[in-house]
Structure formats: C-alpha cells, structure tokens
Amino acid sequence: MVGKSHLAIGLGIEAVNRGYRVLFLTVQDLVQELYATLADGSTAQKLKAILAHDLIILDELGYLKMDATASDYLFQLVAKAYERRSLIVTSNLEFQEWGALFDSRPPRRRCSTGCCITPTSSPSRARAIGCAAGWCRPNPATYGKRRRRPPPYGRGAEGREGPPRRSRYLPGHDCGIFVAKSAVFQVAIDNADDAGSKSVLVELARDAVRIANDGAPFSEADVESICRVGRSGKKATDYIGYLGVGCKSVFLFCDSPRIVSGCYRFAFDRQYWPQPEKVPWQITPVWLERAPEWTKELSSYTTFFELPFREGNRADVAARLAEEMKPDSLSGRVLLFLRHVEELVLQDRLRGARRVVRRRRAEPGEAGPGLYEQYEIQEERDGDASRERWVVFRATVRVPEAVRSDPETRQWERHEVSAREIAVAFALDETGQLRPVHGTAHTGVFSFLPLKEVPSGLSFLVHGDFLTGPGRESLRRDARWNRWMAGELFRFIAERVAPALLEHQRWRYAAAAMLYPGAGGPHVINDELLRPLRRYVEERPLLVSADGSLVTAAQAMRIPNWDAGWLQVLGVERLEAAFPGKRALHRLTLLPPVPVMEGPFVNSRNWPWAMEQLVEARAKEQDVELFRALYRELGRYSEGTIRSAPWFSARLVLTEDGSLVSASAAYWAEHGPPALRGRRRVHPGLWADPECAGFLEFLGCRVLTAQQVREWQLGDSLDQVAQAWATMPESERVEWTGRLFRLWREGVLDGGRLGFLTVRCRDGRWRSPREVFFGEAYAPEHRLEALAARGLLRVEPEAMPLLSEAYLAAGGGGEVSEWRRFFQALGVNRRLEDERLREAFAERVAEAVLVRYERSRGRQPERVPRSQERGYDFESGGRRIELKGRSRPDPPIDLTRTQYQALSDEAHYVYVVADALSHPVLYVLRGPKLLGLLPEPTFRYAEWRGLVEDRYVSLEEEGDAGHAESS
C-alpha cells in the first residue's frame, strides 16, 4: 500500500483542526526515546507524556526488528492506550507477519543460584551466563565451548562461559543514553565519598583521564552495581550515588574504561567484541590480566579508574574535560557537604596545571556542639595558595508521610527514607565576618554536588537531597520531595540559623544582608525558599540598632556617616527623638536591599529630607551646640562649593525665637527685634562664635548697625504710612518720601512696595509717578524741560507735568542719580517708554530744529500738503526736504517707496535730526547721493554718516543759539 504515512498525517491534521492533541513519531524513534529514559529512570514519566495525547500515530512498524525490551515497551504503550486513547499504526507488512517483528522469547527466570537462564535459538538448549556478578570473560569467537576464566571475585570462584547476558535495563545495541561528560568528575567524587575516601585524585592526560581514591575497595555488590543501568545497589538511606546513572557518562567519550580496586581488575571494552552493536558491552566486564602501570605508583590509593579517549576526537574531549576541571566548574566548595572526602588532587597534564584542594576543620562553633562547624578550604594552584573560610550549619529533618507516599517519591526510591540531612554554608572573610559568595564558581544550591543549572540568587550555599536530572546538574522541578526539601531549608534558616547568627558577636551585623536572596532559581526554589526568606528578612527584627537591640526594616534608620562632627555632638538618643518610631542602625550593620529610611546626613551635594526634619526638631529645643557644630562642618568647604551646595539657600539658620530660616531671611544686630522687615534675628549663642558668624554672613545673613535697625524698623511701619498717605500734610509726605528713599537705597525696600506713593509736581499738584516727567534738576536722559524752554518742544504743561525739585532740597542724602533711579523705580518718565509718544516728541523737536536751521541760512521753510504723495515734507529756498526726527543718536534712515524715488531730484534733500530728545543734531544729506549709496530705501547710520554736507547743533548749554558745522 502506498501513501500510508500520508494518510495517517492527514488524519492527524484533521484531528488537530478539531481540537485534539496529536503525537506523530516513528516506531524506531519511540523505542530510542524509551531506551533513553533508562538512564535516569524516567520511563514511566515518558509513557505518561505520550499518553497525554488524544491520538498517537506510530509510523513504519516493521522497519526494524525489535528486541524483548522494545517489544515490552510497545506492549505497555498499546495496553495503556487501550480504550483510553486512539492509536494509528502504519506498516508495510501483512498483519499475519507482525509476529516476526517482536522478540518471542519467554520471560527470563532467575534460579536459586542467582543465574539468569536465557533460552537460545534452540528451545531445548540453554546456556547459563553471567553468574551473580553479572560479568564474564568469554571468547566471542567460540561461544558454546567450555573454558576456564579468571575468578571474578577472588581465587577459586567458578563461572560459565557463553554469550554475555543482556541487561534488563539496557537494549542490546549501542545507544547514547548517558549523561553529560561533566558528570565524570562529579560521579568520581560522589562514589569516592560513598566509599569513605579521604582523598581523590583526578589526572587528565592527552589520551585518557585517570581517577583514584583511597576509600574502601570494591565488593562483590559494588561490581554488580556498576554493571547496571537505571538502578543501583546503593540504598537511598545510606549513599549519595544510589541512582547509579552517572558513571555511565564515560561512554560518551570512552570505549574501554578500566577499573582496578582491591582484588578486582576489569574493563568494559567495545573492541573486545566482534559485533559490539549486538552486545551490551557497556555493562559486560572483561577481566584484565594485569593492572595498569600507573596504579602501582599510587600506593596510598585503593581504587583506580582509567578512561582512555575514543579515537578521532581525543583533543576535543580533553579540552572539554580540562574546562570541567577548572575552579569555575569544579569548585572546592563541594568538600563542604561531602561526608568523608577531605582532599581533591586535580592534575591537568595538558596545560601543566595542578590544583590541590583540602578541607580542614577549624575551631568548634561557639553556639554549642552540633549546630555549626567551621571549615577552611585550602587550595594550591600552580604554586599559589589561597584559602576560604566557611561556617556550615547542619540539621537532620524528618520526612513527612505525605511526602514519602508521593508517587514520584516512590519512583525515586525515597519512600523508605525517614530522615535527611540539610545544610547551609556561609563564607567568612579574613576577619571572620560573613561575606557574600560571588563569581562564576558560585552555585547556591547543592544536592551533594552543585546544581550548575540552578543559579539561586543566594549569598550563601544550601544543601539538600534534591531530586535531580542526569548528572545532578538540574532539579526535578515539580517534585513534591523537592518542594518539601526547599521548605525545610527555609524553616531551618529561619528557626535555627538566623538566631545563631544574631547571637554571634560578629555575624549578627551581617546576618540580614547575607540571608536576603536576590532573583534566580527555578520556581520550586523561588516558591519554597527565596520568597519566604525575603518576607522573613523584610518583616522580622534582624537588623542591629545602635544600642545592640534588634529591629525590623520598617523600624530601622540608616545613618550614612556616623563620623560627622555634628552627629557626635547630637548623640543617638537625641537623634532618634527627632524621628519617633525609628531606631538608628549600628554603624557595623550591613543592609539587605529592602526599603529602609535613610537618616540625616549632609555634604556638598545633599541636603535630604531627614536632615531638614532633624534641624527642625532641634531648633524647637534651641540646640545651639548642634547648630554650632553643623555650621563649623559646613564652613570648611570652599566658597565655590558652598555657593553651589543645596543647603546654601536652605532653612538652616537658628533664630533667637527657635524658628528656622534661610540665611537670606536672617539678620544680626547687637540689639534688634526678633523680626525685622521679614528677617529673623540669629540666635545670639551662634553669633558669639566667630567661625559660625563668618559662615552665616557668607551665606547671606545681613549684619545691621543700630542706625540700620532703626531704618528697617521704619520700613516695618510702611503699611501704616500707606494708609495715612492721602491725608498726610505735604511737608510730611516729602519727608516720608526721603525716608523711604533711604530704605530703598539700602535694599530694605523695592519700588514694588511703594505703589501707594504720589509725587509732587512743579505746579504744586500731586500725581501718580507714571504721569510725571523729570525736570533738568534730575539730569535725565531725555531733556524735555530744556527742549521746551528753548522752544524746540511745544507741549502744554498739563500734558508734560515735571517732578518737583523739593525732594532734592529736603535733604536725606543721596546723589541726584540715586534719586533719579528711585523715582524711575516708582514710575517717573515711564510714559517715554511708549515708543509712539517718544517718537512723536522727537518729530516735533525735529521740525523746530529744521525751521531754525533754514532760517539761519536765510531761507523760509514751508510744510507742503500731501507730503506722502510728493515724497518730501518741506520746501525751502528751492530745496525739497524730507525730514526724519529720531530719539536715537545713531538712527537709520527709513524711506517709503515714494520718498526713495524722489531722491533722484537734484533739489531733493534729507534732513535727519538724531538724539532729538536729549541733544538734537541736524544732519543735511543730498538726495541723489543717498540714491547712489544702495539700491534700498533703508540706510544705516554708518552708511549715511559719511555723506553729510552740513551739521547743525541746536541745543547748547550756554544759550539758545545753535551753530552749524560744514562737513
């Protein structure tokens, strides 16, 4: 039949479209995946995962013949799917031929002598193979011939030759089901510890890895155990490596591992068998005639492993294993949690590197026997020596019945375990203080060996018998056992470790910081250990306060600088009184990353809220000593630093009434009221200190004489003056204006506060300053009075009221320029800021100056009608004159288009009167010359100044007569 797989796939797609879960795989892939589960004992989980699908499609049944193990697996899958799941099987064989695909041998039986009897091709003929040890040394070319072999378990033992037995845990062909290469060293240490070894040697050569330990030699049970896959002879209650899967990882890179221990010496040799793909050579040992020579040089060791690298990739394997031997991968910290191993010797002959790591017991713990132990991990590396000090807390916890009865616990053979040891290890620095563990070598979770795939976020190490994956590098994340183990670690830390740390005279200061975990770890560790531990540290009193008592993070207040001089003067008791409910932390206390109030401190860049709160509280107590110490400390900064500091304008000046103000709102006088013109008087106890007085004055504190105090006090009565101003006699108004002028000049007042004032004019009337102009007595910039007096500015007196000179005559001191600025601040001459009024006055002055100039030349100017249409304003003695009057001394000439076109007339002139309101000067320019200057109707002063033909100054200090200057 053609199209079987296509049809099955089509049915699968249709099932998916209808919402069903579908799994498609070949029978060969199914068998391989189930074989792979033998390495970690997860066959049941794999079958469960497959059966989680609604439709299972098995393709290409009959492509390969299946052995007994594969047949068993397929039968289990079909049986479990029966009437529960839909199953589609495709095959190119007739149904009658299916029986030939499966192994038809009867079930194995075990006889009373412990032999495994397996029928061969002839049902009547049987061969006994593999006695109790499960290994032999047959001749593969002469199956069926009797011969003697070396005794497997000592002299005199007899065995039977024949084909090797097939393990009931491993299929009959070579398959890569073992764990990572990195498990080799871990398992070597693991098994050495189980054997009671004190020392482990690992030597990496170019062609092999050699491992030795000084533990108990192999027993018969050990040999039987190492010939198994998926099960171990070790009991979960007694050993670390009871799972028995890690040692098979050597077959990833080695085809002939050799083992020498006690009276045993054997190998698992792929090349020994003519058809290794049909022989389970990985679990079929071959006797060695002699031990390798290198083992004889190590007389202090009892068990040896030699692992030659497979041909073709020796360099790659050696490089990978060399990386695994480095401290980042194989940390000496594993010795902390092993029961017996105290020395690791790691020799890398490829790089000429040598590491020796030793564990030494330090002095016993101070908190009582059995609670914790201190160790020193010493490491020698290529001539350099280093050491790490550790404190390890241990406890034995009972396993609850609910955890023991969990199906996954039973599957992992923990159901017989009634108690387990857990441990927590903290690193110590040279002073004996706790220190966090950092660096790539840090793996916070140990299951006898570090779980490299579990970055914990912890600053310390934890150890528990966690259920792990192959090679013990990662957690079985959803196992109930693991959740219980992580929870027990948390309870152990909270109930026993933390109290012990807090009782220790040195460790108590770092306890909270060490216990608080960061982010990381799988959800099992996160849920059961990290999160509860975070809450514990955040909520429980674990922080040491200044008086030695313990407080929570919510009660704590961190002091950034205990050495500040002002803090030494203040003391802890008065400091805490300023912050009710808060306790200052001890200077040695290390903080975890939890919210803690930051206490008061000050420097050139900071003036925090807590400092404001402190000085506010101490000001109410008139704590002069504190403020004196504070000013002395701040005054030591440079002037530039002080000006840029945030407290330069802060409220830090203590006044005599106990209030706080900024320096700009404070003053000092020997005698003065508490408050004066919005400033408060500095506390006398502070000003008596010259260093403090100089600092406050630099900040901006005003120092007043007795006269200035009186003047300022007058300023304080300004509101009363404003209310009485309208009814006040004229002479008194003039006198008060003089007083206010002095206060303004001294900076006590600004013009904005004197809006109620009116000023006296020459005509005797009082007007708003904004309506009034300066007379000549005030030497103003715009000399309106002089222009009007000489007839150059014709304005009605009512339209230009002039300020009276009575203020200058009334006394009060001050230069005329100061009086002028004072009245300008009040608004005098403000009208001239209006450009339209200013230029209107300038045009009037310009016209009067033109008339005088023309008459002085014997001509009679006349204004022409419709000047905008003609392009000029006056006609005089044959001249056509365009007049421009401006208040600026260097004005530009702006012409309209008509005026610009009129410039071509030889009789056309442009008269410019510059600085018309101060010192008017008339400039005479001929039109055609301007026309040739630029083809634009606008001419800057610098451009037309050189074309002036005549210049007329109309206002002289000595008299009215003007004079002309020819250019």
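Because the structure is a prediction, the values reported are computed rather than measured.

Caption draft 1: Representation of the overall build of the protein chain. Summing up its helical and strand segments, the protein chain has 30 helices and 43 strands in all. Taking all 967 residues of the protein chain together, 51% fall into the buried category. Long-range pairs, those at least 24 residues apart, make up 64% of the contacts in the protein chain with a sequence separation of at least 6. As displayed, the protein chain has an accessible area near 44900 Å², and 48% of this comes from carbon and sulfur atoms.

Caption draft 2: A nonpolar patch on the surface, seen in detail. A cluster of nonpolar residues, Ile9, Ile13 and Phe24, forms a patch on the protein surface that exposes about 260 Å² of accessible area. The topology assignment puts Phe24 in strand E1 (residues 22-26).

Caption draft 3: Broad picture of the sheet that holds strand E26 (residues 597-598). Strands sit in the order E25-E24-E26 across an open sheet of 3 strands; the sheet is parallel. At either margin of the open sheet sits one strand with a lone partner, and together these are strand E25 (583-584) and E26. The sheet contact formed by strand E24 (residues 556-558) and E26 spans 2 bridges and is parallel. For Met557, the partnering residue across the bridge sits in E26 and is Met597.

Caption draft 4: Quick peek at unusual backbone geometry. For Asn829, which is not glycine, the phi dihedral falls at a positive 70°. Counting through the fold element by element, Asn829 comes out in the loop between helix H25 (816-826) and helix H26 (835-856). At Asp915, a residue that is not glycine, the phi angle is positive and equals roughly 50°. Within the fold, Asp915 resides in the loop between strand E39 (908-914) and strand E40 (921-926).

Caption draft 5: Structural context of the environment of Leu740. Along the chain, the position of Leu740 falls in helix H22 (residues 730-745). Sequence-distant contacts of Leu740, that is, excluding residues within four places in its chain, are made with Leu718, Leu749, Leu754, Phe756, Leu757 and Phe822.

Caption draft 6: Geometry of the side chain of Asn829. Accessibility expressed as a relative area gives 12% for Asn829, which makes it buried. A polar atom in the side chain of Asn829 sits 3.1 Å from the backbone nitrogen of Phe774.

Caption draft 7: Up close: the packing of aromatic side chains. Per the counting criterion, the structure on display carries 33 aromatic pairs. A centroid spacing of 6.2 Å and a plane angle of 45° characterise the contact between Trp647 and Phe695, whose relative ring orientation is tilted. Taken together, the residues span a long stretch of sequence, with Trp647 in the loop between helix H17 (639-644) and strand E27 (653-654) and Phe695 in helix H19 (residues 690-699) at a distance of 48 residues. Like Phe695, Trp647 is buried. Lying over the aromatic face of Trp736, Arg739 brings its terminal NZ or CZ to 4.6 Å of the ring centre. Directly above the ring of Tyr909 sits Arg879, whose terminal nitrogen or CZ lies 4.1 Å from the centroid.

Caption draft 8: Structural context of the sheet that holds strand E2 (residues 55-61). Strand order in the open sheet formed by 3 strands is E1-E2-E3, with parallel pairing between adjacent strands. Of all strands in the sheet, those with a lone pairing partner are E1 and strand E3 (86-91), marking the two edges. The average angle at which neighbouring strand axes cross in this sheet is 15°, direction not considered. Bridge count between E2 and E3: 5 bridges; the pairing is parallel. Within E3, the position partnered with Leu55 by the bridge is Ser86.

Caption draft 9: Geometry of the side chain of Ser199. With respect to the secondary-structure elements, Ser199 resides in strand E7 (residues 199-204). Within the structure, Ser199 has its side chain in polar contact with the side chain of Tyr301 (distance 3.0 Å). Only 2.7 Å separates the side chain of Ser199 from the side chain of Glu343, close enough to count as a polar contact.

Caption draft 10: Layout of the pattern of salt bridges. Applying the stated criterion across every chain, the model contains 69 salt bridges. Note that Asp834 and Arg836 form a salt bridge whose closest N and O atoms lie 3.9 Å from each other. Relative accessible area serves as the criterion here: at 35%, Asp834 is assigned to the partly exposed category. Note on Arg836: relative accessible area 70%, which makes it exposed. Its salt-bridge partner being Arg857, residue Asp950 comes within 3.1 Å of it at the nearest N-O pair.

Caption draft 11: Layout of helix H12 (residues 523-539). Its 17 residues place the ends of H12 22 Å apart at the C-alpha level, agreeing with the 24 Å of an ideal helix rising 1.5 Å per residue. At Leu530, H12 shows its largest bend, some 30°, and a proline, Pro532, comes one to four positions later. Within the span of H12, buried status applies to Val524, Ile525, Asn526, Leu529, Leu530, Pro532, Leu533, Arg534, Tyr536 and Val537.

Caption draft 12: Expanded view of the nonpolar core. Counting 56 residues, the largest nonpolar core has Phe393, Phe426, Leu434, Phe460, Ile493, Leu501 and Leu529 as its most contacted members. Mapped by element, the contributors of at least two residues to this core are strand E16 (384-398), strand E17 (419-428), helix H10 (480-503), helix H11 (511-515) and H12. The element best represented in this core is H10, accounting for 14 residues. With 53 residues, the next largest nonpolar core counts Cys227, Val334, Leu336 and Val357 among its residues.

Caption draft 13: Summary view of the pairing of E16. Two strands pair when backbone bridges link them, and strand E15 (residues 372-381) and E16 are joined in this way by 10 bridges, in the antiparallel orientation. Of the residues in E16, the one forming a bridge with Glu373 is Val392. Count of turn residues in the E15/E16 antiparallel hairpin: 2 residues, of which Asp382 carries a positive phi of about 50°. Alignment of E16 against E17, held across 10 bridges, turns out to be antiparallel. Within the sheet, the bridge partner assigned to Val391 lies in E17 and is Phe426.

Caption draft 14: Region of interest: the environment of Ala322. Mapped onto the elements, Ala322 comes out in helix H7 (residues 314-325). Sequence separation between Ala322 and Arg349 is 27 residues, and the spatial gap between their C-alpha atoms is 9.5 Å.

Caption draft 15: Examining the packing of helix H15 (residues 609-620) against helix H16 (residues 624-634) more closely. Direction vectors running N to C along H15 and H16 enclose 140°, while the axes themselves pass 9 Å from each other. Judged by the inter-axis angle, H15 sits oblique to H16. With respect to the hand of their crossing, H15 and H16 are arranged in left-handed fashion. Residues Met611, Val615, Arg618 and Ala619 of H15 lie in contact with H16, whose contacting residues are Leu626, Phe627 and Leu630.

Caption draft 16: Quick look at H10. Along its 24 residues, H10 runs 34 Å from first to last C-alpha, staying within 8% of the 34 Å computed at 1.5 Å per residue. A bend of about 40° at Ile493 is the largest found in H10. Buried residues dominate H10, accounting for 17 of its 24 residues.

Caption draft 17: Region of interest: the packing of helix H2 (residues 27-36) against helix H3 (residues 43-50). Remark: H2 packs on H3, axes separated minimally by 8 Å, with the N-to-C direction vectors making an angle of 145°. Here H2 contributes Leu30, Glu33 and Leu34 to the contact with H3, which in turn contributes Thr43, Lys46, Leu47 and Ile50. For the contact of H2 with H3, the class distribution of residues is 4 nonpolar, 1 polar and 2 charged.

Caption draft 18: The arrangement of the environment of Thr284 in detail. Looking at the secondary structure, you find Thr284 in the loop between strand E10 (264-267) and strand E11 (286-287). For the pair formed by Thr284 and Ile226, sequence separation is 58 residues and the distance between their alpha carbons is 9.8 Å.

Caption draft 19: Molecular detail of the confidence of the model for the protein chain. The predicted model of the protein chain averages 81 in pLDDT, with 82% of residues at 70 or higher. The low-confidence segment residues 104-182 (pLDDT under 50) makes 157 contacts with residues lying over four places distant or belonging to another chain. In the model, residues 240-246 has pLDDT below 50 throughout and makes 31 contacts with residues more than four positions away in sequence or in other chains.

What counts and what doesn't
- Residues numbered from 1 in each chain as written.
- Predicted model: local features only at pLDDT ≥ 70, side-chain atom pairs only at ≥ 80, totals over all residues.
- Heavy atoms only, no water.
- Helix = DSSP H or I, 4+ residues; strand = E, 2+ residues; numbered from the N terminus.
- Buried < 20%, exposed > 50% of the residue type's maximum accessible area, 1.4 Å probe, protein only.
- Contact = heavy atoms within 4.5 Å.
- Areas by Shrake-Rupley, 256 points an atom, 1.4 Å probe, with all protein chains shown as cover.
- Patch = residues over 30% accessible without salt bridge, like charges linked within 9 Å, V, L, I, M, F, W, Y side chains within 5 Å.
- Salt bridge = Lys/Arg side-chain N within 4 Å of Asp/Glu carboxyl O.
- Pairing = 2+ DSSP bridges.
- Polar contact = N/O pair within 3.5 Å; in protein donor to acceptor, adjacent residues only side chain to side chain.
- Phe/Tyr/Trp six-rings, centres within 6.5 Å; stacked < 30°, edge-to-face > 60°.
- Lys NZ or Arg CZ within 6 Å of the ring centre and 35° of its normal.
- Axes fitted to C-alpha atoms, helices over the stretch in contact; angles between N-to-C directions.
- Expected span 1.5 Å × (residues − 1).
- Bend = angle between axes of the 7 residues up to and from the residue.
- Core = buried A, V, L, I, M, F, W, Y, C linked by side-chain atoms within 4.5 Å.
- Parallel < 35°, antiparallel > 145°, perpendicular 65-115°, else oblique.
- Left-handed = near helix turned anticlockwise from the far one by under 90°.
- Nonpolar A, V, L, I, M, F, W, Y, C, P; charged D, E, K, R; others polar.
- pLDDT = per-residue confidence, 0-100.

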